[in-house]
Amino acid sequence: MSQSYATLPDLILEPLVKSALMEDLGTYGDITTRAVIPADVTYTARLNARADGVASGLQVAAIAFRLVDPRLQIRTLKRDGDRIAKGDTLMEIEGAAASILSGERVALNFAGRLTGIATLTAAFVAETAGTQTRVTCTRKTTPGLRIVEKQAVLHGGGFNHRFSLSDAILIKDNHIAAAGGVRAVLEATKAHASHMVRVEIEVDTLAQLDEVLRTGGADVVLLDNMDTPTLQEAVTLTAGRMVLEASGNMKLERIAEVAATGVDYISSGALTHSAQTLDLGLDF
């Protein structure tokens with residue numbers, strides 16, 4: 001099923017793609033291609049799927065080819081967020097064969113990696129069918145690639161958690177231990193947080209959750225590493241007063257039973273740190 005997603009401006013994505021191209025091209029460019037491919041040879045290459053999945057990174061792949069050679073003609077046959085099947089052609093690139101070959105690996109690295117994330121996210125989302133629970137990612141992303149990996153989660157039907165430490169206040173167990181307890185951190189937050197900043201606090205037990213509910217000051221409660229019956233009790237105890245996010249050990253095979261408890265969100269680092277790159281190929 002195809003869905004429509006707003007794309008980020010190329011301007012935002014170009015710096016990270018350019019960095020990857022500079023890493024791959026080195027100090028003197030693609031010496032193999034320059035040695036064996038005449039400059040006037042043109043070709044039409046096809047970016048093909050070699051497995052089923054959900055597309056992501058096609059915008060990034062197109063940017064890679066354009067940065068190598070703005071004269072390349074790129075025709076996108078699938079969009080980020082589309083379901084794809086083995087054998088589908090996702091993109092055609094026409095122009096100088098040398099330019100296509102020079103951009104090939106970076107384009108495939110991005111598209112394969114991000115399609116893998118979108119595909120795994122879609123599998124997690126499918127397990128929540130019939131519930132109101134949303135699947136969200138974490139900050140467990142590849143350094144430097146967070147923006148595109150989180151975009152891939154959206155393409156898979158998931159939602160984004162905070163992008164950086166400056167997006168929201170998320171009080172973890174170490175904050176609570178260092179500050180002197182649940183009440184102490186929430187009272188400090190009330191005194192210092194801007195009215196534009198949402199507050200989330202992590203709890204490990206129902207006793208901590210009860211203290212959060214009695215103290216107030218949080219918008220979201222992260223229920224960390226709780227078994228399914230305890231998550232169900234937490235939903236009952238909260239009774240809709242705060243948004244509940246279940247986290248910790250959220251593997252694919254457990255998502256359906258956790259969603260059935262009625263939590264609002266399930267966050268999983270696996271979406272980005274454990275996704276398998278989907279096999280894509282550039283065929284001449």
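Everything below is about the structure shown above.
As the structure is a prediction and not an experimental result, all values here were calculated from the model.

Each value, and the rule that gives it
- Residues numbered from 1 in each chain as written.
- Predicted model: local features only at pLDDT ≥ 70, side-chain atom pairs only at ≥ 80, totals over all residues.
- Heavy atoms only, no water.
- Helix = DSSP H or I, 4+ residues; strand = E, 2+ residues; numbered from the N terminus.
- Buried < 20%, exposed > 50% of the residue type's maximum accessible area, 1.4 Å probe, protein only.
- Contact = heavy atoms within 4.5 Å.
- Core = buried A, V, L, I, M, F, W, Y, C linked by side-chain atoms within 4.5 Å.
- Axes fitted to C-alpha atoms, helices over the stretch in contact; angles between N-to-C directions.
- Left-handed = near helix turned anticlockwise from the far one by under 90°.
- Nonpolar A, V, L, I, M, F, W, Y, C, P; charged D, E, K, R; others polar.

S.K.: What is the right way to look at the side chain of Thr261 in this model?
M.R.: For Thr261, the position within the fold is in the loop between helix H10 (255-259) and strand E11 (265-267). What makes Thr261 buried here is its relative accessible area of 5%. When residues no more than four places from it in sequence are discounted, the contact partners of Thr261 are Thr228, Leu231, Gln232 and Val235.

S.K.: How should the nonpolar core be read in this particular structure?
M.R.: Within soluble globular proteins, side chains that are nonpolar tend to cluster in buried spots. Ranked by internal contacts, the top residues of the largest apolar core, which has 69 residues, are Ile201, Val212, Val221 and Leu223. Tallying contributions element by element places helix H4 (residues 97-126) first for this core, with 10 residues. Dropping the residues within four chain positions of it, Val212 is found in contact with Val182, Leu186, Ile201, Val203, Ala218, Val221 and Met242.

S.K.: When you look at helix H8 (residues 206-215) in this model, what are you seeing that I'm missing?
M.R.: An α-helical turn contains 3.6 residues, so a residue and the one three or four places further along point in the same direction. Restricting attention to buried positions, one finds in H8 the residues Leu209, Val212, Leu213 and Thr215. As for H8, its buried residues are in contact with helix H7 (182-192), strand E8 (199-203), strand E9 (220-224) and helix H9 (228-238). Note on H8: the residue one or two positions beyond its end, Gly216, has a positive phi of about 75 degrees.

S.K.: For this particular structure, what's the right way to read the packing of H7 against H8?
M.R.: How two helices sit against one another is set out by the angle between their axes and by the gap between those axes. At a closest axis distance of 10 Å, the pairing of H7 and H8 adopts a crossing angle of 35 degrees. The way H7 lies across H8 gives a crossing that is right-handed. For the pair H7 and H8, the contacting residues are Val182, Arg183, Leu186, Glu187 and Lys190 in the first and Gln208, Glu211, Val212, Arg214 and Thr215 in the second. Considered class by class, the residues forming the contact of H7 with H8 number 3 nonpolar, 2 polar and 5 charged.

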